[in-house]
Amino acid sequence: MPNRLLLRAANSQRLEAFATGNRLTRPLVHRYVAGYTVEEAWKAAEELKRDGIDVSLDLLGESVDDIKETEAAMQEYRAAMEDLGKVSPGATIAIKLSQLGVFINTEQCAQNLEELLRAGEHYDVGIEVDMEHSSAGRPTLEIFRQLLAQFPKARQAFQAYMRSTLADLMSFKDIKPRIRLVKGAFDEPASVAIQDADEVTQQYKYLSRWALENLPDPAFGTHDDQCIDYVKQVANELGLGREDFEFQMLYGIRRELQQELVNQGYRVRVYLPYGDRWYPYLMRRMAERPANLLLFLRSLVGG
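Structural notes, computed from the coordinates.

So, on to the pairing of strand β8 (residues 267-274). Of all 8 residues in β8, 7 are buried, a share of seventy percent or more. As defined by bridge partners, strand β1 (residues 54-59) adjoins β8 across 6 bridges and the pair is classed as parallel. Bridge pairing in β8 places L59 opposite Y274. The pairing of strand β7 (residues 246-250) with β8 spans 5 bridges and is parallel.

Another aspect to go through is the sheet that holds strand β4 (residues 155-159). The strands that make up a sheet pair up through hydrogen bonds in the backbone, lying either parallel or antiparallel. Reading around the circumference, β1-β2-β3-β4-β5-β6-β7-β8 is the order of the 8 strands in this closed barrel, with parallel pairing throughout. Each strand of the sheet is rotated relative to its neighbour by a mean of 25°, with strand direction disregarded. Here strand β5 (residues 178-182) runs beside strand β6 (residues 219-221); their pairing, made up of 2 bridges, is parallel. Across the sheet, the residue bridging to R180 is A219, located in β6. Packed onto the sheet, helix α4 (residues 38-50) meets β1 and β8 and runs at close to 165° relative to β8. The sheet contacts of helix α5 (residues 67-87) involve β1, β2 (92-95), β3 (126-129) and β8, and relative to β2 the element is tilted by about 165°.

Definitions and cut-offs
Residues numbered from 1 in each chain as written. Predicted model: local features only at pLDDT ≥ 70, side-chain atom pairs only at ≥ 80, totals over all residues. Heavy atoms only, no water. Buried < 20%, exposed > 50% of the residue type's maximum accessible area, 1.4 Å probe, protein only. Helix = DSSP H or I, 4+ residues; strand = E, 2+ residues; numbered from the N terminus. Pairing = 2+ DSSP bridges. Axes fitted to C-alpha atoms, helices over the stretch in contact; angles between N-to-C directions. Contact = heavy atoms within 4.5 Å.

Quick look at the structure:
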């Protein structure tokens, strides 16, 4: 499980203000974030595409409680789509419903997502809906379910550590969803999320098999060799081709493995974050791999 102290630090506005105002953090930030502008993100997407790697572009920022911020996010999402399909054919955009106003007005949030799904069709850019903290999770899932019949190519993330995930997946009867399966990286109580790391890994494997057996074109978001090898093994057992699913990884993490999988004939997509709201995202990456924290702290003090 991710380090809980670091997950709590991700929500500290005081720490965020200190870290983002410190120019010494920039070299480390650029290791995990494609840039501060969409143009920088396009450039990174183009470079990855040359190596056979697709991207899912992620505008950093979450938990918006001001309608003006939601409007700004909508404008940025539209702008990001305009040339993304040209510089990286096959690219997608990762959408966070907490940016689209799910905490302000769920009906308006659904309308915002529908607008972006239509824009994605226009620009030939796929849409992937992120799964965030459980406070946003239930309305996110219901909005996705509401729009799935109109946009069956949309993809929804599911978190293996959430106790409700299997039941949620099985609840889709008429249309089977395209999903991205991740372990989960938010601070959740034991009542809703598995806390033991080994148990989460076993649940991820179980859900991976279930997805390969039951769902169209599943994506597996993981850097865990155990999970990657298991997905390969199960896909082979089921007679699936290497093009029938994809692996998804984070920008700046295990780049050599990404290329190795592409060279083996697997589809690989990199989650490509950009923007100036990098602090919560980066702290969750630290929580998943606390060894990275030393690099971050050294950058704060100029070491």
